[in-house]
Amino acid sequence: MLSISVAALIWLVSLRTLSTALDPTVEGTWRDWKATHGKEYAQEEESFRRAMWEKNLQMIQDHNKQADLGKYTYWLGMNHFGDLTNEELDKRLHCLLSDVDKVTKGNRITFKSSDDPDIPDQIDWRTKGGVTEVKDQGSCGSCWSFSATGALEGMHFKKTGKLVSLSEQNLLDCSKENYGCDGGIMELAFETVRKQGGINSEKSYPYDGTVINDQICDGESCRYEPEESITRCNSFGQIMENDEKGLQEAVAKIGPVSVGVDARSSKFHFYKSGIFGEHNNGKQELTHAMLIVGYNHSSEGKGYWILKNSWSTLWGEKGYMRLAKGSNQCNVAEHAVFPIPDPKKGK
Ligand SMILES: *[C@@H]1O[C@H](CO)[C@@H](O)[C@H](O)[C@H]1NC(C)=O
């Protein structure tokens, strides 16, 4: 029933968009975009998707004109999200369930920040060798697992000097208190790593971005191999809510930190370069999880966070975002956590 009504909706909308004629001057750009991203549509869907893409393209071009005039400090660019509506994007990209309250008793500590910390005024864990390549969550709402592996990779690097890409699929399949492709939180992922005694590598447990429903499959979807464990954590640290200074100190002293962000704006979806910053509208909600890998400032002295995303290198600055620092943009400091290594020797 549902699929029939969705099809009917697309048909209705496409009838309407057909009457508001599509722009023939972007025909070639549209064809190139489809080829680049391997997009193919059924005939009845094509004009609907084209209309969405044109709307997004127009929004991007309007924004960039304003940015060129100095009204914004960041630019947008067409990417693989171009044919989706803002509602579809919000739904698909809502993967952080920050109100899940299952870990109140978890092994958590609160990060104690100093009044006047002795930390560098710029740091980038990428250049130190502690950050793996940018990954792609695809159409699965698994940002929480990418944010968690990123922080665990950083933790392992700091402990051993070795950088090993870790398995999001391991967390998707085995972190049963999370909701797989329907979202989750990093704390529960760290708890899973603690309970199962480690985490496998990306190589030995590769990502496929799907979750097998355990109720059907008798709990066999978890394929964690203890002998192949790369690293373990035994608790996690939490930064005081909305304490951006504390967050900066943690990034400098501890390493990459997992954060929740409000990623609902279409400007966020199509961010391409520069220092991102939206006017806070007071109704922020954390929807997405990312990884802070450093901070720095522009030549004009404007401070920013360096955030690693899991939307492939097609998004942002080769998969990264620079986000204005100091005014809690996108509520970046509301939900910030990091894993704490197991002090025991060995893996
Ligand atoms: C901070 O940014 C400047 C200018 O882009 C760059 O030269 C410098 O290496 C950056 N700092 C770090 C720690 O990466």
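Given the structure is predicted, the values throughout are model-derived calculations rather than measurements.

A. Here's a closer look at the site of the ligand. The environment of the ligand is formed by Q122, I123, D124 and N296. A distance of 2.7 Å separates a nitrogen atom of the ligand from a polar side-chain atom of Q122. N296 places a polar side-chain atom, nitrogen or oxygen, 2.3 Å from an oxygen atom of the ligand. In the complex, 42% of the free accessible area of the ligand, which totals 360 Å², lies under the protein chains. Residue classes in the shell around the ligand are distributed as one nonpolar, two polar and one charged.

B. Seen up close, helix α5 (residues 143-160). The end-to-end C-alpha distance of α5, which contains 18 residues, comes to 26 Å, matching closely the 26 Å that a straight helix rising 1.5 Å per residue would cover. Along α5, 15 of the 18 residues are buried, which leaves the element largely enclosed by surrounding structure. Just beyond α5, the residue with positive phi is G161, at close to 80°.

C. Local environment of helix α3 (residues 43-68). Its 26 residues place the ends of α3 38 Å apart at the C-alpha level, agreeing with the 38 Å of an ideal helix rising 1.5 Å per residue. Positive phi appears at G70, one or two residues downstream of α3, with a value of about 95°.

D. Main features of empty space enclosed by the protein. Taken as a whole, this structure holds one cavity of 30 Å³ or more when the rule is applied. Secondary-structure elements contributing two or more residues to the lining of the largest cavity are α5 and β7 (288-297). Of all the elements, α5 adds the most residues to the lining of the largest cavity, at six residues. For the lining of the largest cavity, the per-class residue count stands at five nonpolar, five polar and four charged.

E. Seen up close, the nonpolar core. Core analysis: the biggest nonpolar cluster contains 73 residues, and F190, L247, V251, V257, V259, F268 and M321 have the highest contact counts within it. Counting residues per element, this core draws most heavily on α5, at seven residues. Discounting chain neighbours no more than four positions away, the residues touching F190 are A148, A151, L152, C233, F236, S258, V337, F338 and P339. In this structure, V26, Y41, W53 and L57 belong to the second largest nonpolar core, which totals six residues.

F. Here's a closer look at the pairing of β7. Where burial is concerned, most of β7 is hidden: eight out of the ten residues are buried. Where strand β3 (residues 123-124) meets β7, two bridges bridge the pair, whose relative direction is antiparallel. What sits directly across from I123, in β7, is Y295. Across five bridges, strand β5 (residues 257-261) lies against β7 in antiparallel orientation.

G. Geometry of the packing of aromatic side chains. Considering all chains together, one arrives at 17 aromatic pairs under this definition. Geometrically, the ring pair formed by W30 and W53 is tilted, given 5.1 Å between the ring centres and 55° between the ring planes. Highlighted residues: W30 in helix α2 (residues 27-36) and W53 in helix α3, separated in sequence by 23 residues. We note that W30, like W53, is buried. Taken together through their ring pairs, the aromatic side chains of Y72, Y74, F81, F268, Y271, F276, W311 and W315 make up a single cluster. Above the plane of the ring of Y320 lies R126, whose end atom (NZ or CZ) is 4.4 Å from the centre.

H. Up close: the environment of R264. The topology assignment puts R264 in the loop between β5 and α10 (266-269). With relative accessibility at 26%, the residue R264 sits in the partly exposed group. The spatial distance from the C-alpha of R264 to the C-alpha of L93 is 8.3 Å, given a sequence separation of 171 residues. Here D262 takes part through its side chain, which lies 2.7 Å from a polar atom of the side chain of R264.

Quick notes on the rules
- Residues numbered from 1 in each chain as written.
- Predicted model: local features only at pLDDT ≥ 70, side-chain atom pairs only at ≥ 80, totals over all residues.
- Heavy atoms only, no water.
- Near = heavy atom within 4 Å.
- Polar contact = N/O pair within 3.5 Å; in protein donor to acceptor, adjacent residues only side chain to side chain.
- Areas by Shrake-Rupley, 256 points an atom, 1.4 Å probe, with all protein chains shown as cover.
- Nonpolar A, V, L, I, M, F, W, Y, C, P; charged D, E, K, R; others polar.
- Helix = DSSP H or I, 4+ residues; strand = E, 2+ residues; numbered from the N terminus.
- Expected span 1.5 Å × (residues − 1).
- Buried < 20%, exposed > 50% of the residue type's maximum accessible area, 1.4 Å probe, protein only.
- 1 Å grid on protein atoms, 1.4 Å probe; cavity = no way out; pocket = protein on both sides within 12 Å on 5 of 7 lines; lining within 4 Å.
- Points joined across faces, edges and corners; volume = space filled by probe spheres on them.
- Core = buried A, V, L, I, M, F, W, Y, C linked by side-chain atoms within 4.5 Å.
- Contact = heavy atoms within 4.5 Å.
- Pairing = 2+ DSSP bridges.
- Phe/Tyr/Trp six-rings, centres within 6.5 Å; stacked < 30°, edge-to-face > 60°.
- Lys NZ or Arg CZ within 6 Å of the ring centre and 35° of its normal.

Everything listed is a geometric property; what it means functionally is a separate question.
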